[in-house]
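# Structural overview for review
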Amino acid sequence: MRTTWILLAVLAVVAAAAPFAGPFVILLLAQVMVLGIMAMSVDLLLGYTGLPSLGQAAYLGVGAYLTAILATEFGLGLGWDFWLVVAMGMAAGAVTAAFFGLFAIRASGVYFLMITLALGMCVWGLAYRWNSLTGGDNGINMRGRPRLGELAFANDLVFFYVALGFFLASYFALRLLVASPFGKSLAGIRERELRMRILGYNTWLHKYIAFVVAGAFGGLAGVLWAHLNGIVSPVDVLLPASVDALLMVVLGGPGTLVGGLIGATVVVFLREYLATLVDWWQYVLGGVYVLTILYLPGGIMGLFKGGGKA
Amino acid sequence: MKRLIWLVMGALAAAPATAQELKIGFLAPMTGIFAQIGKDMENGFQMYIDEQNGNFAGAKVTFIVEDEEGKPPVGVRKAEKLARQDRVHLMVGGLLASTGYAIAPVSNRVKTVYVLSIAAADDLTQRDLKQYPYIVRTSWTSSQPHHPLGAWACENGYKTVVSVAADYAFGHEVLGGFQKAFEDCGGKVIQKIWPPLGTKDFGPYIPTINRNADAIFSLMVGPMALQFPKQLQEAGIKKPIIGGGTSYDEFVLPSMGDEVLGHVSALQYSAALDTPRNREFVRKYREKYGKVPSYYSESNYTTAQMIHEVMKQTKGKWPGPEKFIAMITKLKLETPRGPVRFDDMRNPVQNIYIKKVEKKKMHGYDKDELWNTVIKTYPDVSQFWTYGKDKFLKQPVYSRDFPPCKYCN
């Protein structure tokens, strides 16, 4: 609980300071929130269930492409029906994960890594080759962000608050999930799956449900991602996007949820902000990763908790 | 380090820059497989700025380079950064056609001029132009040089052609232009092969090439261009090759061997152009950067020159985005690539050169090198070729399926 209060306090300060930040920094903050949701969805798998997924960008991609196609082809999701698209984006992420999960959940460890990678690349392949639907390599340009009555998402500050709201909602939803008996049994599977099975748990089903839920939140991140950038491109679905999400979790601290946000903050500001200052930002990012893995197995959150396990 | 200083300067000048300063944001890939092309782009622009000692008709030029990595979403983020944080007067660059398509909407959002100095995406200055009041193109549309190339192929007796082209918007538009013109004068494209962008091993594609074709049309980009002719030769295929502009541009040419001798391609620039203006440009560029300028360099050099010409007319005062667009499109310039003016859809009207790779001495250099010798010049070619604007715009943008492959089986 203490972590939650600290998180709320920090986010409140950021939210209060945001109007005074430069327009580019606001954009980065919004990006942190969206990637924070994405990282939390990975954390549910990696940190709580012990499933390292290398294909999470697929669900972000599904959500993002759905949003872009609905908006450009049907004008859907640009007014109050934005909520409908949010629901559809989450559903699309969940359905895709439900399908992929049938293949992926059978594997574990490095095989799980490989199979999620392969499935993720299938989505990339679709995005890249299905020209008539996805615009192929060009991707899809959005015409503008939604407007809900007085609330124009086109204003980056407004969009940041919206993203912040979605982040908090996702955080509490996932917090609730991992604190529930279901969440506890996920942790049990992470620690020792065989024992859980002997105790009579259907571990396959538990993992499958966690996988689908993670897909849904990936889809949600995708909806916001599309509106944030104004473009959806196959690059968004490519392997590096999945790797980034995984690294954010490792960096921030798996099994903490908050770690995802911390990781997203570090990665986004190093990548987008430091990159505008110096050419050797990649070395800094690489160095941070190496140091984290060597000295902070529990991620940055491990600094506060000692062990890093929630 | 330089960039850091610029950034500090940018931070100090939080308000929009003063009248006598011109801030140019430059987008080019600096990392990834297209990094070297990005360097060519930057060098071209930088060379012009250096020639003017960083001063465009009284305006001090601040040149801020951002790495767009050859990825459209990254390009979007960097463009946002340039406009919002650095408050540049104009953004220049973008390599891939897809990056061009992605950055154009940003120019609307941030109400900042975007000069497409490379990105050749056809529709930006065709069917989509109306949406984007702040863009102007100083380079070419993908199909522009390839309409004349299609006509040239007919004149030189080719009847049937197989195409091998990189599978993305640029490749589709290049081949589309060639196919349209080639089939309108009686030629036939009998097979289209689409390797993905960045393919290095053409093993799966080369054996499928229809051996009855008179020639192969190839459209390669960057490192792909080096591999394809080699592997074609190793496979023992000796058909004449006609190539899209980027298959043999001066960026890849120095790394190529004798396997490309005699290959023909089309573009609005060749470093082997024998005009005094170009000879001087090539010599200066080579002295400064140690290599022959590619069209990536020339196009950005020329873009800088165009911006300078506008600033001369305003005596160094930034005219505002609308007026800048109006002024730059009225220019008529003599450039290294030849005379350039603009059509009413903000795209250059310029010479298109049909070029053949030859090994020879050029511009007074004493070594035998590969050069793109100009074998035919089509003067004053617009993006609409001979079709006329209205008729041309009625057809859809070139894509993988347009024009349809009528003669494929």
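Scroll up to find the structure.
Treat the numbers as computed from the prediction; the structure is a model and nothing was measured. (Residues numbered from 1 in each chain as written. Chains lettered and ligands numbered in written order. Predicted model: local features only at pLDDT ≥ 70, side-chain atom pairs only at ≥ 80, totals over all residues. Heavy atoms only, no water.)

### Notes on the overall build of chain B
Note the following rule: For the purposes of this entry, the term helix denotes a DSSP run of H or I that reaches at least four residues, the term strand denotes a run of E that reaches at least two, and both are numbered from the N terminus. Using C-alpha atoms as the atom set, the radius of gyration is obtained and then compared with a globule rule of 2.2 Å times the number of residues to the power 0.38. Only protein chains enter the accessibility calculation, which uses a 1.4 Å probe; a residue is then buried when its area is under 20% of its type maximum, exposed when over 50%, and partly exposed in between. Accessible surface area values rest on a Shrake-Rupley calculation with a 1.4 Å probe, where residue burial reflects the displayed protein chains alone. Just so you know, the count uses Lys and Arg for positive and Asp and Glu for negative, and it drops His and the chain ends. Charge positions are represented by NZ for Lys, CZ for Arg, CG for Asp and CD for Glu.
Across its full length, chain B carries 11 helices and 15 strands. The C-alpha radius of gyration computed for chain B amounts to 21 Å, which stays within 12% of the reference 22 Å derived for 409 residues, consistent with globular compactness. Looking at the 409 residues of chain B, the share that counts as buried comes to 66%. Split by element, the accessible area of chain B, about 14,300 Å² in all, is 53% carbon and sulfur. Here chain B holds 53 positive side-chain charges and 42 negative ones, and the gap between their average locations is 3 Å.

### Focus on helix α6 (residues 169–184) of chain B
Residues and elements named next belong to chain B. Inclusion rule: Given the number of residues in a helix, its expected span is that number minus one, multiplied by 1.5 Å.
Here α6 contains 16 residues, and its C-alpha end-to-end distance of 22 Å stays within 8% of the 22 Å for a straight helix at 1.5 Å per residue. α6 sits mainly inside the fold: 15 of its 16 residues count as buried. Phi for G186, located one or two positions after α6, is positive at around 105°.

### Description of the sheet that holds strand β2 (residues 55–56) of chain B
Residues and elements named next belong to chain B. To keep things clear, this is the line we draw: Whether two strands pair depends on DSSP finding at least two bridges between them. Here, residues are in contact when the closest pair of their heavy atoms is within 4.5 Å. Between the N-to-C directions of two axes lies an angle of 0 to 180 degrees, each axis being a line fitted to C-alpha atoms and, for a helix, fitted only over the stretch in contact.
With mixed pairing, the 6 strands of this open sheet are ordered in space as β2-β3-β1-β4-β5-β6. Of all strands in the sheet, those bounded by a partner on one side alone are β2 and β6 (135–137). Strand direction decides the pairing type here: strand β1 (residues 21–28) and strand β4 (residues 90–93), joined by 4 bridges, are parallel. By the bridge assignment for β4, G25 is matched with M91. Strand contacts of helix α3 (residues 72–84): β1, β3 (59–67) and β4, with the helix running at about 150° to β3, the strand carrying the most contacts.

### Brief notes about the interface of chain B and chain A
Keep this limit in mind: The buried area of a pairing is the accessible area, by a 1.4 Å probe, that goes missing from both parts when the two are put together, added over both. In the sections that follow, a salt bridge refers to a side-chain nitrogen of Lys or Arg positioned within 4 Å of a carboxyl oxygen of Asp or Glu. Identification of polar contacts relies on pairs of N or O atoms within 3.5 Å, with a donor-acceptor requirement for protein atoms, meaning one able to donate a hydrogen and the other able to accept it, and with residues adjacent in sequence counted only if both atoms are side-chain atoms. All amino acids are sorted into three groups, where Ala, Val, Leu, Ile, Met, Phe, Trp, Tyr, Cys and Pro are nonpolar, Asp, Glu, Lys and Arg are charged, and the leftover types, Gly among them, are polar.
Counting residues at the interface gives 31 residues for chain B and 28 residues for chain A. Contact between chain B and chain A buries roughly 2,600 Å² in total, counting both sides, with carbon and sulfur atoms accounting for 50%. Where chain B packs against chain A, one counts 3 salt bridges. Notably, a salt bridge pairs D167 of chain B with R129 of chain A, separated by 3.0 Å at the nearest N-O pair. Across the contact surface, chain B and chain A share 6 residue pairs in polar contact (both at pLDDT 80 or more). For the side of chain B that touches chain A, the secondary-structure elements that each account for two or more residues are α1 (2–12), α3, α4 (97–109) and α6 of chain B. Looking at side-chain class alone, the side of chain B that touches chain A contains 14 nonpolar, 5 polar and 12 charged residues.

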